[in-house]
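Spelled out, the chains give:
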Amino acid sequence: MNVAGFIFLLSLHLGVFQIGYGRNASTRPAVVNIGAMFNFDSIIGRVAKIAIDEALKDVNSNSSILKGTKLSVTLQDTNCNGFLGMVEALRYMATDVVAIIGPQCSVVAPIISHVASELRFPLLSFAATDPTLSSLQFPFFVRTAQSDLYQMTAVADIIDHYGWKEVIAIFIDDDWGRNGVSALNDKLAERRCKISYKVGIQPDSSVTQGAIMDILVKVALMQSRIVVLHLNQIVGFKVFSVANHLGMMGNGYVWIATDWLSLVLDSESPLPSETMDKIQGVLTLRQHTPDSDRKRAFFARWNRITGGSPQLNAYGLYAYDTVWLLANSLDAFFNQGGVISFSNDSRISSMAGSALHLEAMSIFDDGVLLLKNILLSDFVGLTGPLKFNSDRSLILPAYDIINVLGTGIRQIGYWSNYSGLSTVSPETLYTRPQNRSSANQKLYSVIWPGETLSKPRGWVFPNNGKLLRIGVPNRVSYKEFVSQIRGTDMFKGFCIDVFTAAVNLLPYAVPYKFISFGDGRKNPSYTELVNKITAGEFDAVVGDIAIVTNRTRIVDFTQPYVSSGLVIVARLEKERSGAWAFLQPFSRRMWIVTGSFFLIVGIVVWILEHRINDEFRGPPKQQVITILWFSFSTMFFAHSK
């Protein structure tokens, strides 16, 4: 090969190398555009706006991530409106955004998720907690906060921990409220509890106090005194105000608010004293974020930036971590050769020329690859580990349990999906073997409404409840068991005392009334009385009713608490005891026959053995002793092979 040919090949090689290098570099653009959709004028939105901006500064100033590519965020205010959210999402589709942070509200998320699935760009929501959004119907929706499914599990565990069986649920009547209460109902059912009454409130601030009063008056007539509020802060404080006016924030009531209340307490503390007075003794939950040096440093930085207004809350931390999660996923996306490119959707292209200009929307070609990297994320942020399980939910869900007290709050424990209720932080329990036994479910003492430490019973006899019809025989004999008090509808007797004692032990109200059966001149037929249950005239009967076969075929009986039947009365003689007491079970003749049989066995064995066994030989005296000893050992010792 001559020199000219060598130089030509070398130049060609270098040219190809440079072309290849330039093509690889082009997969990392100078700027990556992402969108953000939330309600700017809300407790979450005001904090999220600052948190996203700070996260963006940190990502773009960090040379170890994205390697020269800058993130650019375009913010849109949807005001938690489904229609505006859809419009803004469609506007984003006409640009080159590769992902959207948001939406904030659960009612907006399903609408946008359908668009995201068609055009293949991920949605990363730090505040939409509706449990149903984790379904396979929304593959491109990724929740970077905890689902309300876990919050409702925590509420159900609290209710079960205190032994209450029925609760009342008041919720915002939209997808978020309905789906949250549905999850609560499922979790309560797993613990043999239930929602005895649930009522929705219209999902806007225009709801009047009169409408709320109508709802709470009905609640006051119910037997349950456990009320769960799954509302927003505007409606929630209206409910507390009306409840306080009706005297429903006193002794006997239990109010459990979901994390909307802790969000307000964390973001706007201290609240006015008149507001705090209306929520004394309320329990609420807060998304748990582990304590760390990074978190404390960010809180200090936040106070320098904002001067403490607005105050940082858990959703602000999740918004900050969401930006970092997206940045790490984009970095992995580019390392795997992902390219930011878009293509037209043939279904939309056929609509070109319409006034809507839908043809401007395009499909993110490598959206599936970016989604995959998001779901494979595994790093530690301000809120703790950011890693997704097979259900696309964050691992290690946990909540703080808070008691509103005085001018502030008091934390009474934690709930985690790993260990349930505990007074020890979840991070400590993660290092120990999992133990969800009832003995390990603990919380600190609670100051309940009415400023009492005594756990409320949780129920009262309802004013509008259906009374159980209890049939009682009107006897003329054996009135010690059951008898009607003359001139009244009341009954007395041993059977009545047992019944009322059992009812008083129940953890819920059982209203009932006694109904007399019989004319009072002769004992009524108990079989006819039992048949009244199957006929629907009585719900149950109480009395000295014998448990016989024919009756057990048509009704269920309690365990018998009085034994009856034929007995024999005999004089009690003092039993003799002594050294020969073991002879008493058998008669003298029986002992003689038994001894004879054993002696015969000994003789038979001697006859069979003395010819071949040296132990059965010798002088006659020794052989007699051997026979007797063998008989004795056969009687009193157990022999085995």
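Residues numbered from 1 in each chain as written. Predicted model: local features only at pLDDT ≥ 70, side-chain atom pairs only at ≥ 80, totals over all residues. Heavy atoms only, no water.

This paragraph deals with the overall build of the chain. Helix and strand content of the chain: 20 helices and 22 strands. For the chain, the residues scored as buried account for 43% of the 641 residues in total. Contacts in the chain between residues at least 24 apart in sequence constitute 68% of all its contacts with a sequence separation of at least 6. Counting every atom, the chain has about 33,900 Å² of accessible surface; 57% of that belongs to carbon and sulfur. (Helix = DSSP H or I, 4+ residues; strand = E, 2+ residues; numbered from the N terminus. Buried < 20%, exposed > 50% of the residue type's maximum accessible area, 1.4 Å probe, protein only. Contact = heavy atoms within 4.5 Å. Areas by Shrake-Rupley, 256 points an atom, 1.4 Å probe, with all protein chains shown as cover.)

Right, let's get into the pairing of strand β7 (residues 194–201). In summary, the side chains of a regular strand alternate between the two faces of the sheet. Strand direction decides the pairing type here: strand β6 (residues 166–172) and β7, joined by seven bridges, are parallel. Following the sheet pairing, I172 is matched in β7 by I201. Note that the unit made of β6, helix α6 (residues 175–190) and β7 has a crossover that is right-handed. (Pairing = 2+ DSSP bridges. Right-handed = clockwise from strand over helix to strand, strands pointing away.)

All right, on to empty space enclosed by the protein then. Per the counting criterion, the structure on display carries three cavities of 30 Å³ or more. The computed volume of the largest cavity comes to approximately 60 Å³. Lining the largest cavity, in full, are D259, S262, L263, D266, R286, Q287, N313, A314 and Y315. Among the elements of the structure, α9 (259–267), β10 (283–287) and α12 (314–335) are those that each provide at least two residues to the lining of the largest cavity. Counting residues per element, the lining of the largest cavity draws most heavily on α9, at four residues. Class assignment of the residues belonging to the lining of the largest cavity gives a composition of three nonpolar, three polar and three charged. (1 Å grid on protein atoms, 1.4 Å probe; cavity = no way out; pocket = protein on both sides within 12 Å on 5 of 7 lines; lining within 4 Å. Points joined across faces, edges and corners; volume = space filled by probe spheres on them. Nonpolar A, V, L, I, M, F, W, Y, C, P; charged D, E, K, R; others polar.)

Below, the discussion takes up the side chain of Q146. When you line up the elements, Q146 lands in the loop between β5 (141–143) and α5 (148–161). Overall, the relative accessible area of 5% leaves Q146 in the buried class. Beyond its immediate sequence surroundings of up to four residues, Q146 is in contact with T129, Q287, Y318, L394, I395, L396, P397 and Y399.

Turning our eyes to something else, we now look at helix α7 (residues 209–220). Look at α7: 16 Å from first C-alpha to last across twelve residues, which is about the 16 Å you get at 1.5 Å a residue. Within α7, burial applies to I212, I215, L216 and V219. Down the axis, α7 shows its buried residues gathered within 95° of arc, on one side only. In this fold, the buried residues of α7 make contact with β6, β7, β8 (226–230), α8 (233–245) and β9 (254–257). (Expected span 1.5 Å × (residues − 1). Arc of directions from axis to C-beta.)

Contact geometry for α7 and α8: axes closest at 9 Å, N-to-C directions at 60°. By the criterion of interaxial angle, the relationship of α7 to α8 is oblique. Here the hand of the crossing between α7 and α8 comes out right-handed. Residues Q209, I212, M213 and L216 of α7 touch α8, and the partners they reach there are K238, V239, S241, V242, A243 and H245. (Axes fitted to C-alpha atoms, helices over the stretch in contact; angles between N-to-C directions. Parallel < 35°, antiparallel > 145°, perpendicular 65-115°, else oblique. Left-handed = near helix turned anticlockwise from the far one by under 90°.)

Let us look at unusual backbone geometry. Cis rather than trans, the peptide bond between G102 and P103 has omega equal to 0°. Residues S269 and P270 are joined by a peptide bond in cis, for which omega reads 0°. The residue P270 is located in the loop between α9 and α10 (273–277) in this model. The residue R392 is not glycine, and still its phi comes out positive at about 65°. Examined against the element boundaries, R392 turns out to sit in the loop between β14 (384–387) and β15 (398–405). Positive phi values are uncommon outside glycine, yet L396 reaches one of about 55°. Positionally, L396 belongs in the loop between β14 and β15. By relative accessible area, which is 38% here, L396 ends up partly exposed.

What follows covers the sheet that holds strand β22 (residues 540–541). If you trace the three strands from one edge of the open sheet to the other, you get β21-β18-β22, paired in parallel fashion. If you trace the sheet from one side to the other, it starts and ends with β21 (512–517) and β22, each paired once. Pairing geometry for strand β18 (residues 468–473) and β22, over two bridges, is parallel. Residue I470 lies in a different strand from β22, and its bridge partner there is A540. In this fold helix α16 (residues 494–505) packs onto β18 and β21, with an angle of close to 160° to the strand it touches most, β21.

Next up on the list: helix α17 (residues 526–534). All of the buried residues in α17 are Y526, L529, V530 and K532. What you see down the axis of α17 is that its buried residues fit within an arc of 145°, all on one side. Buried residues belonging to α17 abut β18, β21, β22 and α18 (549–552). Among the residues trailing α17, G536 stands out with phi positive, at a value near 90°.

A word on the packing of aromatic side chains. Tallying each qualifying case throughout the model produces 22 aromatic pairs. Grouped by ring-pair contacts, the aromatic residues F237, F240, Y253, W255 and W260 constitute a single cluster. The lysine or arginine in question, K49, covers the ring of F40, its NZ or CZ lying 4.7 Å from the ring centre. Above the plane of the ring of W459 lies R457, whose end atom (NZ or CZ) is 3.9 Å from the centre. (Phe/Tyr/Trp six-rings, centres within 6.5 Å; stacked < 30°, edge-to-face > 60°. Lys NZ or Arg CZ within 6 Å of the ring centre and 35° of its normal.)

Below, the discussion takes up the UniProt feature "transmembrane region" (unreviewed entry) in the chain. Those residues carrying the UniProt feature "transmembrane region" (unreviewed entry) are residues 590–608 in this numbering. Taken end to end, residues 590–608 has its terminal C-alpha atoms 27 Å apart, with 100% of it in helix and 0% in strand. (UniProt positions renumbered as here; feature names shortened; annotations may be inferred.)

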